[in-house]
Amino acid sequence: MRFDSIVEKIGKNGILRRQRAQLAEPPVLNNGTRFPYGPFQFKVALPKGAPYTIEASTDLQHWTAIADGVSAVESFDYLDSEAFKFSYRYYRVATEAAMSVNVLGYASVTLPPGFSMIANPLDGASNTVADLFADWPDGTTFNKFDPRMFRLCENAVKGGKWLNPTERLVPGEGAIFFNPTSEYKLLSFAGDVLQGQVSMPIPSGFSVRSPQVPQPGSLDDLGFPISDGDVIHLFDRDRQTYVLHPYEGGRWTSGSPVLSVGEAFWVAKTVAGNWTTNVAIPD
């Protein structure tokens, strides 16, 4: 073989290796934004020239391809114009080499006038009150419960700003939210779905908690560590009253509590425990 042919072959192989190494970098999804009652937009970062498929799901188990193509740039925006049909939806991107390192999505809840018990089911960029609840009017309040001090922590909008803007609400926690207007308001959370084994401590006594997986269902289906003597307090937003679900003699005396995505609850726990969930998303 001639020397120049060897050089040419090595050069081509080197380019191919570099291209394959680039394509092996998994995609990343970020900058998710839900427009009011409308589409959801996010940014896809993946190597230039990589064939891709965008998939969507509402249950994190069954995925549907909603778009595909070849990336002309290393980062581009994707707009899901069908998002208005869903109150929550999750996204991932598959290439020939890898699946996206994260699953991104949104969850929207409608808050009536008055009080609601809310939860942030997704891990956003900051999870601060100022980012999660921007543009709310004066009189809006946000109260998390401190089980150590046995009191509600006060936070509110005054003069167009939150008194404690850096206070955070992360998946698994919950809060009491007050809508001071006479209108039903749409609130949308956006961020990553927690994956793998996640755990949230449930102290003895009172606390406010929520599922760490963004799925609806009964507390039994969601794997809550219930014990005899425990009482779950759900809040009925429409009637503005609590509904109690005691657990006695190894069963719920008034039916298993059923939660919506983005809903929190009070728990009166007899014995401390951990709410551990294995969030496994199939390929």
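So, on to the sheet that holds strand E19 (residues 241–248). Spatial ordering of the open sheet is given by E16-E22-E18-E19-E20, a layout of five strands whose pairing is antiparallel. Either end of the sheet is taken by a strand with one partner, and the two such strands are strand E16 (205–209) and strand E20 (251–252).

Once that is clear, we can look at the side chain of Asn 155. Among the secondary structure elements, Asn 155 is positioned in the loop between strand E10 (151–153) and strand E11 (157–158). Within the structure, the side chain of Asn 155 is placed 3.5 Å from the backbone nitrogen of Leu 163, a separation counted as a polar contact.

On to unusual backbone geometry, then. For Asn 31, which is not glycine, the phi dihedral falls at a positive 55°. Along the chain, Asn 31 turns up in strand E1 (residues 28–34). The class of Asn 31 is exposed, set by a relative accessible area of 55%. Phi is positive for Gln 240, close to 55°, though the residue is something other than glycine. Relative to the assigned elements, Gln 240 resides in the loop between strand E18 (231–236) and E19. Given the relative accessible area of 32%, Gln 240 is considered partly exposed.

For any pair of aromatic rings, the description rests on two quantities: the centre-to-centre distance and the angle between the ring planes. Here the structure, examined in full by the defined rule, presents 23 aromatic pairs. Note on Trp 136 and Phe 177: the rings are 4.9 Å apart at their centroids and 75° apart in plane angle, and the pair reads as edge-to-face. With Trp 136 in the loop between helix H2 (129–132) and strand E9 (141–146) and Phe 177 in strand E13 (residues 175–179), this residue pair connects regions lying 41 residues apart in the sequence. Classification of Trp 136 by relative accessible area gives buried; the value is 10%. Measuring from centroid to centroid gives 6.2 Å for Phe 206 and Trp 266, while their planes differ by 80°, and the two rings are edge-to-face. Here Trp 266 lies in strand E22 (residues 265–269) and Phe 206 lies in strand E16, a separation of 60 residues in the sequence. Owing to a relative accessible area of 11%, Trp 266 belongs among the buried residues under this scheme.

In this structure, E1 lies alongside strand E2 (residues 40–45), joined through five bridges in antiparallel fashion. For Val 28, the partnering residue across the bridge sits in E2 and is Ala 45. The hairpin formed by E1 and E2 contains five residues between the paired strands, and Tyr 37 there has a positive phi angle of roughly 55°.

Here we take up the nonpolar core. Membership of the largest hydrophobic core comes to 26 residues, with the highest contact counts inside it found for Leu 60, Tyr 90, Val 193, Leu 219, Phe 224, Ile 232 and Phe 265. Listed by contribution, the elements that provide at least two residues to this core are strand E15 (196–202), E18, E22 and strand E23 (273–279). Per-element tally for this core: the top contributor is E15, with three residues. Not counting chain neighbours up to four residues away, the residues in contact with Leu 60 comprise Tyr 90, Val 103, Val 193, Val 213, Pro 214, Gln 215, Ile 281 and Pro 282.

The rules behind the values
- Residues numbered from 1 in each chain as written.
- Predicted model: local features only at pLDDT ≥ 70, side-chain atom pairs only at ≥ 80, totals over all residues.
- Heavy atoms only, no water.
- Pairing = 2+ DSSP bridges.
- Helix = DSSP H or I, 4+ residues; strand = E, 2+ residues; numbered from the N terminus.
- Polar contact = N/O pair within 3.5 Å; in protein donor to acceptor, adjacent residues only side chain to side chain.
- Buried < 20%, exposed > 50% of the residue type's maximum accessible area, 1.4 Å probe, protein only.
- Phe/Tyr/Trp six-rings, centres within 6.5 Å; stacked < 30°, edge-to-face > 60°.
- Core = buried A, V, L, I, M, F, W, Y, C linked by side-chain atoms within 4.5 Å.
- Contact = heavy atoms within 4.5 Å.

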